[in-house]
Amino acid sequence: MASQQQQPQPGGPMAQPGLQQSSTLQQLSQQQDFDPVHRFKMLIPQLKESLQNVMRIASLNLAQNTSIDNGTKSSDVSLQRFDKSLEEFYAICDQVELCLRLAYECLSQSIDSAKHSPNLVPTATKPDTVQTESMSYGQYLGMIKSQITCAKDIHNALLECSKKIAGKVPPQGII
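All residue numbers refer to positions counted from 1 along the written sequence of the respective chain. Per-residue local features are limited, in this predicted model, to residues with pLDDT of at least 70; the limit for side-chain atom pairs, both in listing and counting, is 80 or more; totals at the level of whole chains, interfaces and linings are taken over all residues. To get the side-chain values, take all heavy atoms of the structure and skip hydrogens and water.

An unreviewed UniProt entry lists the protein chain under the name Mediator of RNA polymerase II transcription subunit 29, from Takifugu flavidus. Under Sequence similarities (unreviewed entry), UniProt gives the following word-for-word description of the protein chain: "Belongs to the Mediator complex subunit 29 family." UniProt positions are given in the numbering used here, feature names are shortened, and annotations may be inferred rather than shown by experiment. For the record of the protein chain, the UniProt heading Subcellular location (unreviewed entry) holds the text "Nucleus".

Rendered as structure tokens:
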């Protein structure tokens, strides 16, 4: 019975700091995958490699076709397919374009957010750490009320527009 004393196990409490660190690194990696700028930076080397591959295959195919046209070689030699490499290049270009569009949208939203809510409400609990660029709670409430009013106006305009559209559609029985 004494030999059944508790032994530290590999998955026990001693392994927790390493596990937490690896999960933090995994979360950071996943977060970077969703970051369009980071994804763009990761795609650029792939894009360069793909372009080099397209140019290499095009060069080999051109040289092969030239030698066939000159009658020095037969067409029995199989070459890599140019269309496949070009398709891969275009796929990476599409991914780069999507990353850039997403980054642009994020920037636009950030600019709009800063424009419509330029100052933050102070969250500091100590009076000596109050930020000078922050707005008072009353100013914050006023801004929120104006945003709610604007949202209601937009909602009402959309409802009115949908009613007008619904009123102009012919009845379903008449065609």
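Here the narrative resumes, following the displayed structure.
So, on to the overall build of the protein chain. Secondary structure elements are taken from DSSP: a helix is a run of H or I of four residues or more, a strand is a run of E of two residues or more, and numbering for both begins at the N terminus. Tallying secondary structure elements over the protein chain gives four helices and zero strands in all. N-terminal to C-terminal, the α/β element order of the protein chain is α-α-α-α. In this analysis, two residues are considered to be in contact whenever any of their non-hydrogen atoms come within 4.5 Å of each other. Taking the intrachain contacts of the protein chain between residues at least 6 apart in sequence as the baseline, contacts between residues at least 24 apart amount to 56%. A total accessible area of about 15000 Å² is found for the protein chain, and carbon and sulfur atoms account for 59% of it. Under the convention used here, a 1.4 Å probe and the Shrake-Rupley method define accessible areas, while residue burial counts only the protein chains that appear.

So, about helix 2 (residues 36-70). Expected helix span is given by 1.5 Å per residue-to-residue step, counting one fewer step than there are residues. Under the 1.5 Å per step criterion, the end-to-end length of helix 2 is 49 Å for 35 residues, consistent within 8% with the ideal 51 Å. The bend at a residue is defined as the angle formed between two axes, one fitted to the seven residues ending at that residue and one fitted to the seven starting there. L43 marks where helix 2 bends most, by close to 25 degrees; the proline P45 follows one to four residues later. Here the term buried applies to any residue with accessible area under 20% of the maximum for its type, exposed to any over 50%, and partly exposed to those in between, with areas from a 1.4 Å probe on protein chains only. For helix 2, every residue scored as buried is listed here: P36, L43, L47, S50, V54, I57, N61, Q64 and S67. Where helix 2 terminates, the next one or two residues include G71, which has phi positive at roughly 80 degrees.

The next point concerns the nonpolar core. Counting residues in hydrophobic clusters, the biggest one holds seven residues: L43, L47, V54, F89, I92, V96 and C99. For this core, the element with the highest residue contribution is helix 3 (residues 82-116), accounting for four residues. In contact with V96, not counting residues within four places along its chain, are F40, L43 and L47. To form a nonpolar core, buried Ala, Val, Leu, Ile, Met, Phe, Trp, Tyr and Cys residues must be joined to one another through side-chain atoms within 4.5 Å.

With respect to the element layout, S85 can be found in helix 3. The contact partners of S85, leaving out residues within four places of it in the chain, are S50, N53, V54 and I57.

Moving on: the environment of D83. Its place among the elements puts D83 in helix 3. For the pair D83 and I57, spaced 26 residues apart in sequence, the C-alpha separation works out to 9.6 Å.

Compared with the 51 Å implied by 1.5 Å per residue over 35 residues, the 51 Å span of helix 3 between its first and last C-alpha is a close match. Within helix 3, burial applies to S85, F89, I92, V96 and C99.

With that out of the way, let us pick up the confidence of the model for the protein chain. Confidence scores labelled pLDDT are given residue by residue by the predictor and lie between 0 and 100. Across the protein chain, pLDDT averages 77, with 63% of residues at or above 70. This model gives residues 1-16 a pLDDT under 50, and the stretch forms one contact once residues within four places in sequence are excluded.

Another aspect to go through is the packing of aromatic side chains. Two rings from Phe, Tyr or Trp (for Trp, the six-membered ring) form a pair when their centres are within 6.5 Å of each other. A pair whose planes differ by under 30 degrees is stacked, one over 60 is edge-to-face, and the rest are tilted. Tallied over the full model, the rule gives one aromatic pair. Between F89 and Y90 the ring centres are 6.0 Å apart and the planes differ by 50 degrees, which places this aromatic pair in the tilted class. Looking at F89, the relative accessible area reads 15%, which means it is buried. A residue is classified by how much of its surface remains accessible, and Y90, at 45% relative accessible area, is partly exposed.

This next bit is on the pattern of salt bridges. What makes a salt bridge here is a side-chain nitrogen of Lys or Arg within 4 Å of a carboxyl oxygen of Asp or Glu, nothing more. In the structure shown here, the tally under the stated rule is three salt bridges. Across the pair R81 and D83 runs a salt bridge whose closest N-O atoms are separated by 2.5 Å.

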